[in-house]
Structures are given as C-alpha cells and as structure tokens.
Amino acid sequence: MGQVSGRQERSKKPEVALSETMEAEIEVQNNKKEIEEVKAKNPKLTSVFGVADLKNEAVGLYNLGQTCCLNSLLQVFFMNIRFTGILRRITVPSSAAQKRSNVPYQMLLLLEKMQCGKCKAVCPRDLAYCLSEHRVKLFVQYDAAQLFLTLWNLLKKQIRKPELVEELSDLYTICIQEHLACQKCSFEIKSNSTMLTLPLPVLDANSHRLSTLEDCLQYFFLPEELTGQNMCFCQQCGKKTTFLQSMRLVHLPQTLTLHLKRFCFERSSRTHKLGHFLQFPQELNFREVLTEDQCQADDSEKATWQYELFAVVAHSGSTGFGHYCAYIRSLTECKWYCFNDSEVCQVSWDDVKCTYGRSSLNWRETAYLLFYMKKHPQQPCPGVSECL
Ligand code: ZN
C-alpha cells in the first residue's frame, strides 16, 4: 500500500474554464417540427418532466469500451428533470454534418432513444463519435470530474440560445468570493469567481483522513495563511508579505456538484486512490456546516441552501484501472437506482452507503462525485416538490 503523500492540494481555482474545443460556429435553425412531435405525444408531461423520467423503468447504456465514466455522467444528466427541461428546448442543427457534431443534439437523440421504451439498454455510439470529434477520445478511461467539466463546457458552447445557456449556468454554477488579506497592514483583495464543482480535499493539512462530507466542506472553507514561498506582493506595504486567503460562499445552484478528491497526486508523479471511510448525508444544510464568516450571502439566499442527495458517481478499482457507476434517486418515483452501464437495478439507501469506502479495501467502490439538489428552489418545480 502506498504511503499517503503530504498535504493534499487545496486547489481552489475556478473550474469553469473555457472549453478546450474550438469548433466552427454552427449555423442552426429551429426545427420546430421535431419538438412539436414529442410534445404531441404527451403535451402536459413533457413540459414538466424530462423524457427519461416519463418511463417507469430506467434504461441502461451499453459500454463501448471504457465508456462507463461517460455512461454514468450521462445518466446523472438525464435523470435531472431540470437539465432535460433545458435540453428539450435546444435549437436543432440544420444540416446532417452539424447534427452529427453537435453534443447537445446528440444527447437529446440518445435521450429519446432511451425513452422509446423498447430496450432495457441503448448504445451511445453516435454521441461517443460526436464527442470524439471534440477531442474526447474513445476507449480511454476518463476521470469523472474532468469529463463532467468537459461535457458541461461542450454543452454550454454548443447550445445556441443564450437564454438556455444562462439556465444551464444557473442550474450548475457555484459563486465564490475569494479574500486575500495582508497580515501586516489592512490591504485586502476580493474577487468573485464561479465553479462547476467544489473540489474537496479528503485529507487535512496534517494528512489526517477526513471522515465526513461536512468536515471536508469545513476544511475547504478554512482560511489559509500564505507564508514562505506562497507570500504575495502587498502594494500597500510595497513588498511580499504573509496573506490570509479565505473563501466565502456567495451563491449555490439548484444542482450542486461536490468532488471528493480521492485521487492523490504524489511528488513522484504517481497517483493513488484514497479509499478511506467518508460518509455523506442524504440531507445537507450549508447554513449548519459553514460559519457566518464563510458566507457572503443574505438570509433569503441562505434559506435556499438546504439540499437533498440526488446522485453519486462511484469509482471502484485503482487509479489506472477502474470502473464507474452511478447511483441516482429518481425524482419522480423517489427510488434509488444503480446504473452500471447496461445493467440498471433498484437499490436501497444502504446500498448507496456502501460507497462511503473502507480504508482496508481501497479498490472497493467509493463515492467520487456527489450531486445534491435544492429542497426548496426559488422557482418551484412540480416534478420535484411532489416527492419532497
Ligand atoms: Zn500590506
């Protein structure tokens, strides 16, 4: 067993980066016909629920070779009725070539294929080929946090309607204020940034294992003294001084993504997995987790910081060789499902808890990405409120 490395990097850099893909602008026109056809099938339901949620049974996705990571993330997207609500309103590309290379459109087609109800699993081949046109290669094992960011950036870049891009951002983006305060004088720098996930260290500064999600969040928001090599230049003092760096939470989105940094990068450039026990709650209230100093929000914003667990993307195996699956709570049925590529089965909360991890069994299944949903959204959604 490899030795746990020293301090885990608390990289707090904004994760919403520009997409690395540079695709030519696609000229599109609204193909109302296709949308009308779907609406005609069941006008009331499709306006409220995403397509995947209309089905009684969840549908699997075949593994094309190392696509378990992609499959898990797709299921998390598709089971989110707010996301499918956005996807269903995209502009359909006009030409066949544009359709082939448009990620949101290919995701919509796959969703419809899953919804048609004829198969227990469908093949995400067209979407996988579409992604390979955007540098997401086939037959490569991805890190789920990285692939989630890549997919999200591709969606944001290729959705043509500005109002839908805004909705997508509102659905997933976390707003943070970073404070840097000189410890010699009163000089202070504040900057706002947005993040797609909160990258939470699972070890503290002394390499002690954090054993609850709340501890990880508290550690993430703990102020950090920047000394020695990390000192910053203070324009008031005219020299490099010790700064206190702190993060303040400004806004939390409807769907909140938390990334447990279980893959540990050592100085030797080898990575290993931290599989220790780390529990996470079904209900999470940020007001109870963070102190007043760690928030930069008014009471009406904070009142919405109550969450319920929606999905867990879990990893089993080692860093170089592993497998992903997704545990997702159906928002329409309020039941947990395990999506393991083409196999989908109903599971219990106890099954989900098995992803807490165990120190002695690092290869065992451990939660890697956690998706929480707001319990009391500002704009009530009938689909969600029914089962809460
Ligand atoms: Zn200063």
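Reading guide: rules and limits
Throughout this description, residue numbers start from 1 for each chain and increase along the sequence as written. Local features in this predicted model are restricted to residues of pLDDT 70 or higher, and side-chain atom pairs are both shown and tallied only at a pLDDT of 80 or more, whereas totals for entire chains, interfaces and linings draw on every residue. To obtain the side-chain values, all non-hydrogen atoms of the structure were used and water was disregarded. Only runs of H or I of at least four residues qualify as helices and only runs of E of at least two qualify as strands under DSSP, and these elements are numbered from the N terminus. Per-residue accessibility, obtained with a 1.4 Å probe over protein chains only, is compared with the maximum for each type, and a residue is labelled buried under 20%, exposed over 50%, and partly exposed between these values. Note on contacts: a residue pair is in contact if any heavy atoms of the two residues lie within 4.5 Å. Using a 1.4 Å probe, accessible areas were evaluated by the Shrake-Rupley method; residue-level cover was limited to the displayed protein chains. Salt bridges are defined as contacts in which a side-chain nitrogen from Lys or Arg sits within 4 Å of a carboxyl oxygen from Asp or Glu. The pairing test for Phe, Tyr and Trp rings, Trp by its six-membered ring, is centres within 6.5 Å, and the orientation test on the planes gives stacked under 30 degrees, edge-to-face over 60, and tilted for anything in between. Think of the arc as the fan of directions from the helix axis to the C-beta atoms. A pair of strands is considered paired only if DSSP assigns at least 2 bridges between the two. Every axis corresponds to a line fitted to the C-alpha atoms, with the helix fit spanning only the stretch in contact, and the corresponding angles, defined between N-to-C directions, vary from 0 to 180 degrees. Convention used here: angles under 35 degrees read as roughly parallel, angles over 145 as roughly antiparallel, angles from 65 to 115 as roughly perpendicular, and any remaining angle as oblique. Ten residue types, Ala, Val, Leu, Ile, Met, Phe, Trp, Tyr, Cys and Pro, are classed as nonpolar, four, Asp, Glu, Lys and Arg, as charged, and the remainder, Gly among them, as polar. Every helix has an expected span of 1.5 Å times one less than the residues it contains. Think of a polar contact as two N or O atoms within 3.5 Å of one another; within protein, one of them needs to be a possible hydrogen donor and the other a possible acceptor, and neighboring residues in sequence only count if both atoms come from side chains. The donor set comprises N, O and S atoms within 2.8 Å of the metal, extended to 3.2 Å for Na, K and Ca; water molecules are omitted, so apparent gaps in a site may simply reflect that omission. Tetrahedral means four donors with every angle between 85 and 135 degrees, whereas square planar (four donors) and octahedral (six donors) require angles over 155 degrees between opposite donors and between 65 and 115 for all others; sites fitting neither are termed irregular.

Caption draft 1: Quick peek at the overall build of the chain. Of the regular secondary structure elements, the chain holds 15 helices and 18 strands. When burial is assessed residue by residue, the chain has 52% of its 388 residues classed as buried. Put simply, of all contacts in the chain between residues at least 6 apart along the chain, 71% involve residues at least 24 apart. Carbon together with sulfur atoms contributes 49% to the accessible area of the chain, which is approximately 18200 Å² in total.

Caption draft 2: Region of interest: the pattern of salt bridges. Scanning the model with the defined rule gives nine salt bridges in all. Where E167 meets R89, a salt bridge forms, and the shortest distance between an N and an O atom there is 2.7 Å. In this pair, E167 sits in helix α10 (residues 162–172) while R89 sits in the loop between α5 (81–87) and α6 (96–101), placing the two residues 78 residues apart along the sequence. With relative accessibility at 30%, the residue E167 sits in the partly exposed group. When its relative accessible area of 36% is taken as the criterion, R89 is described as partly exposed. Among the ionic pairs, E333 bridges to K335, the shortest N-O distance being 3.8 Å.

Caption draft 3: Main features of the packing of aromatic side chains. Inspection of every chain in the model, using the stated rule, returns 14 aromatic pairs. Relative to Y307, the ring of F286 has its centre 6.0 Å away and its plane inclined at 70°; by these criteria the two rings are edge-to-face. In this pair, F286 sits in helix α12 (residues 286–289) while Y307 sits in strand β14 (residues 306–317), placing the two residues 21 residues apart along the sequence. With 6.3 Å between their ring centres and 55° between their planes, Y337 and F339 make a pair best called tilted.

Caption draft 4: Local environment of α10. Residues of α10 that are buried: L164, V165, L168, S169, L171 and Y172. Along the axis of α10, the buried residues cluster in a sector spanning 160°; they form a single face. Turned more than 90 degrees from where α10 packs its buried face, P162, E166 and D170 sit exposed.

Caption draft 5: Expanded view of the pairing of strand β5 (residues 198–201). Residues of β5 alternate between two faces, with L198 and L200 on one and P199 and P201 on the opposite face, all of them buried. As paired strands, β5 and strand β10 (residues 255–261) are joined by four bridges and run parallel to one another. Bridge pairing in β10 places L200 opposite L260.

Caption draft 6: Quick look at unusual backbone geometry. Positive phi outside glycine occurs at F139, with the angle close to 60°. Examined against the element boundaries, F139 turns out to sit in the loop between α8 (125–132) and α9 (144–158). Judged by its relative accessible area of 54%, F139 is exposed. Of note in this structure, D341 is not a glycine but carries a positive phi near 50°. Mapped onto the secondary structure, D341 falls in the loop between β16 (336–340) and β17 (343–347).

Caption draft 7: Just the environment of A311, in detail. Tracing the backbone shows A311 in strand β14. On a C-alpha basis, the gap between A311 and N80 in space is 9.5 Å, while along the polypeptide they are 231 residues apart.

Caption draft 8: Molecular detail of the packing of α9 against α10. Interaxial distance between α9 and α10 falls to 10 Å at its minimum, and their mutual angle equals 155°. Looking at the two axes, α9 sits roughly antiparallel to α10. Here α9 contributes F148, W152, L155 and K156 to the contact with α10, which in turn contributes V165, L168, S169 and Y172. Here the residues of the contact of α9 with α10 sort into six nonpolar, one polar and one charged.

Caption draft 9: A look at helix α7 (residues 103–115). Between its terminal C-alpha atoms α7 stretches 18 Å, which fits the 18 Å expected from 13 residues at 1.5 Å a residue. Two or three places before Y105, at the start of α7, stands the capping residue N102, its side-chain oxygen 2.9 Å from that residue's backbone nitrogen. G117 lies just past α7 and shows a positive phi near 80°.

Caption draft 10: Representation of the coordination of the zinc ion. C182 (SG), C185 (SG), C234 (SG) and C237 (SG) make up the full set of protein donors to the zinc ion, lying at 2.3 Å. Relative to the metal, the four donor atoms surrounding the zinc ion lie at angles of 106 to 114°, and the coordination shape comes out tetrahedral. Within one chain, the residues serving as donors to the zinc ion are arranged as C-x2-C-x48-C-x2-C. With C185 in the loop between β3 (174–182) and β4 (188–195) and C234 in strand β7 (residues 232–234), this pair connects stretches of sequence that are 49 residues apart. Of the residues examined, C234 reaches a relative accessible area of 0% and is grouped as buried.

Caption draft 11: Representation of the sheet that holds strand β9 (residues 243–251) in the model. Read across the sheet, four strands follow the order β4-β3-β9-β6 without closing on themselves; strand pairing throughout is antiparallel. The sheet is open, and its two edges are formed by β4 and β6 (224–226), each paired on a single side. Within this sheet the neighbouring strands show an average axis-to-axis angle of 30°, counted without direction. Two elements, β6 and β9, share three bridges in a ladder whose sense is antiparallel. From the neighbouring strand, L226 faces β9, where its bridge partner is F243.

Caption draft 12: How the structure looks around the pairing of β17. By the bridge criterion, five bridges tie β16 to β17 in an arrangement that is antiparallel. Looking at the pairing, F339 lines up with V344 of β17. The hairpin turn running from β16 into β17, its antiparallel successor, is two residues long, and D341 in that turn takes a positive phi close to 50°.

Caption draft 13: View of the side chain of R329. Turning to its location among the elements, R329 is positioned in strand β15 (residues 322–329). R329 has contacts with E308, L309, F310, C334, K335 and W336, leaving out every residue within four places of it along the chain.

Purely spatial values, then, with no claim about function.
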